[in-house]
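Residue-level listing of the chains:
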Amino acid sequence: MTRPGIFHIVFLSILVSFSAGCSHIFETDADVQARKALQDLMKIQETYRKENNKYARNFLEIQKYDLKYHAGTVYLEIESAGADKYRAISLPAESTTARVFAYDTDKGGFYEMDEEEVKSYVLGALNHVRAKQRDQGLVDLVSGALGLFLIAMGIKFFIENEKRKFAWIYTAYFLGVFPLAWSLAILNHLSKKIVFTPLILSATAGGLALSVFCVFVAGWSYARSRSEFPPSILGLLVSGPVISMFSGWMLADALRRFYHP
C-alpha cells in the first residue's frame, strides 16, 4: 500500500458519511404503490389526449383503460385538467413517510413535493412523521460519524506504520467499514413495511460477503506473519474482524427476516 492510497480512503470516507442516510433507498410498499399509480395514470392521460385532444378530468372518463390501484392503500386524484395540461397527485392513504407525488404540466411533469407543499396534503400525521424522521436522521448522523472516526483512526495508524507487509491488514480494516455503515443503515431503516428491493438485496448480500472476506483476510494475515505486530497494527487486527463479524451478523439477520424470494 502506498501513500496515495490515503487520499482514496479519504474520498471513500465521504461516501460512508452519506451511506447510512440514503433514506429513499428504503421505501415503504405504500410509497412505491402511490408512485406507480400516478405513473400509470400519466401513461393513460397521454393515451387519452391522443384520442380526445384533451386530458381526462376524472376517473370516469378513463375507466375503459382499467387503471388499477388499491384505493385503501393509495389516494389518487386528478385535481384539474384541460386541453393541454393537467395536475394529479398521489400519496399513501395513511402516510407514514409524508411523501407526496405529483404530476403538473405547468411544473415540468412528475415530481415529489417539497416540505411546504406536503403540508397541504399530509395533515394530522405530519408532526409525528417528521419527529420520527428527525430521530432516524440523528441515528444516521451518529452512524456516519462512527464510520468517519474508524477510517480516521485507520489512516492515523497507516501513517505511523506504513509498511507493505501490513497492507492486507489495512485492506481488511478499511473494507470492513463499509458493511458496518450499511448494517447500521439497515438497523435504522429496514422494517416489514419496507420493500426489499434488488438494490437492498445486492447491497446486503455484497456487504455480508465483504464482511466474511475481511474476517478471513485478517485471520490469514495473522497466521502468515512471523514477526511481532506494533500495538497500533495489533489494534487494527483485533478491531477489524470484530467490526466485520458484527456487520456480517446484522446483514445475515436482515436477509433471514426480510428477504422472502
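Just above sits the structure.
Values in this document were obtained by computation on a predicted structure and should not be read as measured data.

### Some words on the packing of helix α5 (residues 167–189) against helix α6 (residues 198–224)
If you want to describe how two helices pack, look at the angle between their axes and the distance between the axes.
And step 1. One can describe the packing of α5 onto α6 by two numbers: an axis separation of 8 Å at closest approach and a directional angle of 150 degrees. Classified by the angle between their axes, α5 and α6 sit roughly antiparallel to one another. Handedness of the crossing formed by α5 with α6: left-handed. Between α5 and α6, the contacting residues are Trp168, Ile169, Ala172, Leu175, Gly176, Pro179, Trp182 and Ile186 on the first element and Ile200, Ala203, Thr204, Gly207, Leu210, Ser211, Phe213, Cys214, Val217, Ala218, Trp220 and Ser221 on the second.

### Considering empty space enclosed by the protein
By rolling a water-sized probe across the atoms, one finds the places where empty space is left.
And step 1. All chains considered together, the criterion is met by 1 cavity of 30 Å³ or more.
And step 2. Roughly 30 Å³ of volume is contained in the largest cavity.
And step 3. Among the secondary structure elements, those contributing two or more residues to the lining of the largest cavity are α5 and α7 (231–258).
And step 4. Counting residues per element, the lining of the largest cavity draws most heavily on α7, at 4 residues.
And step 5. Split into classes, the residues belonging to the lining of the largest cavity amount to 7 nonpolar, 1 polar and no charged.

### A short note on the pattern of salt bridges
And step 1. According to the stated counting rule, one finds 16 salt bridges in the structure shown.
And step 2. Measuring nitrogen to oxygen at the nearest pair gives 2.8 Å for the salt bridge that ties Arg99 to Glu27. Separated by 72 residues along the polypeptide, Arg99 in the loop between β2 (86–92) and β3 (101–104) and Glu27 in the loop between α1 (4–19) and α2 (29–52) bring together distant segments of the chain.
And step 3. Note on Arg99: relative accessible area 8%, which makes it buried.
And step 4. Across the pair Arg130 and Glu115 runs a salt bridge, and its minimum N-O distance is 3.0 Å. Residue Arg130 is found in helix α4 (residues 126–160), and its partner Glu115 is found in helix α3 (residues 115–118); the two are separated by 15 residues along the sequence.
And step 5. The class of Glu115 is partly exposed, set by a relative accessible area of 39%.
And step 6. What emerges from the salt-bridge pattern is a single network uniting Glu79, Arg87, Asp104, Lys107 and Glu117.

About the cut-offs
- Residues numbered from 1 in each chain as written.
- Predicted model: local features only at pLDDT ≥ 70, side-chain atom pairs only at ≥ 80, totals over all residues.
- Heavy atoms only, no water.
- Axes fitted to C-alpha atoms, helices over the stretch in contact; angles between N-to-C directions.
- Helix = DSSP H or I, 4+ residues; strand = E, 2+ residues; numbered from the N terminus.
- Parallel < 35°, antiparallel > 145°, perpendicular 65-115°, else oblique.
- Left-handed = near helix turned anticlockwise from the far one by under 90°.
- Contact = heavy atoms within 4.5 Å.
- 1 Å grid on protein atoms, 1.4 Å probe; cavity = no way out; pocket = protein on both sides within 12 Å on 5 of 7 lines; lining within 4 Å.
- Points joined across faces, edges and corners; volume = space filled by probe spheres on them.
- Nonpolar A, V, L, I, M, F, W, Y, C, P; charged D, E, K, R; others polar.
- Salt bridge = Lys/Arg side-chain N within 4 Å of Asp/Glu carboxyl O.
- Buried < 20%, exposed > 50% of the residue type's maximum accessible area, 1.4 Å probe, protein only.

Any functional reading would require information beyond the geometric quantities listed.
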